Amino acid sequence: MVLLYENKENCCGCGACHNICPKNAISMIKDEYGFIYPNINKTICIECGLCKKVCVFQKAVERLNQKPIAIFAAYNKNEEIFFNSSSGGIFGAIATEVLKNKGIVFGATMRNDKKVEHLFIDNIIDIKKLQGSKYVQSSTNLTFREVKMFLEMGKEVLYTGTPCQIDALKSYLGNSYDNLLTVDLVCHGVPSNQFFHDYISWLESKFKIQITDYKFRGKSKNGFCTQGYLEYIKNGEKRKKSINFSFDYYSYYFKEKLINRDSCYKCPYASSNRPGDFTIGDYWGFDEVHPEIKTNKAVSVLIVNNQKALKVLNCLDLVIIESDLAKVTRRNKSLCCSPAMSIERNIILEIYKSKGAEGVFRYYYNRLGMKKYLLFAKSMIPYEIKIRVKRLNLLLNNMFRIIKN
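Here goes a summary of the coordinates provided. Because the structure is predicted, anything quoted here is derived from the model rather than measured. (Residues numbered from 1 in each chain as written. Predicted model: local features only at pLDDT ≥ 70, side-chain atom pairs only at ≥ 80, totals over all residues. Heavy atoms only, no water.)

To continue, consider the overall build of the protein chain. Within the protein chain, the regular secondary structure consists of 16 helices and 13 strands. In the protein chain, which comprises 405 residues, the proportion classed as buried is 53%. Carbon together with sulfur atoms contributes 53% to the accessible area of the protein chain, which is approximately 20000 Å² in total. (Helix = DSSP H or I, 4+ residues; strand = E, 2+ residues; numbered from the N terminus. Buried < 20%, exposed > 50% of the residue type's maximum accessible area, 1.4 Å probe, protein only. Areas by Shrake-Rupley, 256 points an atom, 1.4 Å probe, with all protein chains shown as cover.)

Moving on: unusual backbone geometry. Phi at Lys 208 takes a positive value of approximately 50 degrees, unusual for a residue other than glycine. With respect to the helices and strands, the residue Lys 208 is situated in the loop between helix 9 (193–207) and strand 8 (210–219). Note on Lys 208: relative accessible area 65%, which makes it exposed.

Next up on the list: the side chain of Asn 193. Topologically, Asn 193 is positioned in helix 9. Those residues in contact with Asn 193, other than ones at most four positions away along the chain, are Lys 114, Lys 115, Val 116, Val 136, Gln 137, Ser 138 and Ser 139. (Contact = heavy atoms within 4.5 Å.)

Moving on to the sheet that holds strand 11 (residues 278–282). With mixed pairing, the eight strands of this open sheet are ordered in space as 5-4-6-7-11-12-3-13. The sheet is open, and its two edges are formed by strand 5 (116–121) and strand 13 (318–322), each paired on a single side. Neighbour to neighbour, the strand axes of the sheet diverge by 25 degrees on average, direction disregarded. With three bridges joining them, strand 7 (residues 180–185) and strand 11 adopt parallel strand pairing. Each residue of the ladder has a partner; that of Leu 185, found in strand 11, is Ile 280. (Pairing = 2+ DSSP bridges. Axes fitted to C-alpha atoms, helices over the stretch in contact; angles between N-to-C directions.)

So, about the nonpolar core. Residues Phe 196, Tyr 199, Tyr 214, Tyr 249, Tyr 250 and Tyr 253 are the most contacted members of the largest nonpolar core, which totals 38 residues. For this core, the secondary structure elements donating two or more residues are strand 4 (104–110), helix 9, strand 8, strand 9 (225–234), helix 10 (249–255) and helix 14 (343–368). With ten residues, the single largest contributor to this core is helix 14. Look past the residues within four positions of Phe 196 in its chain and what remains in contact with it is Met 110, Lys 114, Val 136, Tyr 214, Phe 216 and Tyr 250. Core analysis: the second largest hydrophobic core is formed by 33 residues, Leu 4, Cys 12, Ala 25 and Cys 51 among them. (Core = buried A, V, L, I, M, F, W, Y, C linked by side-chain atoms within 4.5 Å.)

Each aromatic ring pair is specified by the distance between its two centres and by the angle formed by the two planes. Applying the stated criterion to the full structure yields 31 aromatic pairs. A centroid spacing of 5.2 Å and a plane angle of 65 degrees characterise the contact between Phe 196 and Tyr 250, whose relative ring orientation is edge-to-face. Of the two residues, Phe 196 is situated in helix 9 and Tyr 250 in helix 10; the sequence distance between them amounts to 54 residues. The pair formed by Phe 196 and Tyr 250 is uniform in burial state, with each residue classed as buried. The cationic tip of Lys 297 hangs over the ring face of Phe 82; the distance from NZ or CZ to the ring centre is 4.5 Å. (Phe/Tyr/Trp six-rings, centres within 6.5 Å; stacked < 30°, edge-to-face > 60°. Lys NZ or Arg CZ within 6 Å of the ring centre and 35° of its normal.)

Encoded structure:
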């Protein structure tokens, strides 16, 4: 019998084994916390060993030898694509270029039932289906097989995902393809689809609403990144409500990296050596490291990892600003190291297993204590004002530093 992993920390749930099995003997099954792991049907498994061979997560360190050749801060010039994005709209720019060439674009989408999964699009109108941050693990399903089919048809293909998904795709394909372009995300770790789904169901039950859309991050009219929001129907009326990252248990636990899968705490891809042609993510702390650039726009980090990506970069409709790794990693620690697993993480998941989403909420709410009143007051301050205060504080600090020197 072929064993794919000894401990849960050795499996990232990428689905490469599920895709490559010639007998379809492998299914991705949820554990007690909602995380997906491969399950082998012994009655039809022929023990060919392909699933073991294609698994690269445990061999990732020796595979990662691609260092960045250029690093930028960037944002999209196209206003519509920019405002439908969580930050700078870099994915939208790359996807647009591929679709212009009658190519195929793969990425994560949120279904109507709020489950997140990978799918492909073949026209520019559908780009918005794949835009925006999804702070949950996306199921790759059988998209690796679809990628191979399109590549062998001669189609240009773009695949975007977490670095473990990108490396898994490359392992599955085996050969390199000139018509494949990959983009890996600066990943902070992934909660399970089921944990998020139960959180949505809990919101609907608690507030007696029907949630029609959920955005982890939004945009202000000026292009600032803001907190997320949800759209819902209550008493037959369509409404919209913002989500405060500090006052919402799912958002808070994700931000504090307390609900990730086991493998995320020993992630070999939390490094500046990347598997994708491009690496993209939020440029946290851009104002601090680039005070010379005055912009109200949300800005992304854009890392070019090879010559293929550099060639594509010249075709993209972006505003780009040269940066460097030290500046990018100052507030993007996921490019340096993976987070440590805390005792509280295990407590939260055990509560979820035994008491569900309501139990997790109660635990979070009780732990807040008096702090919840401060968070509530803070949540009433408009995001744009917080940004202005932050920038004023940064300006004053720089002035004092200059005067002191």
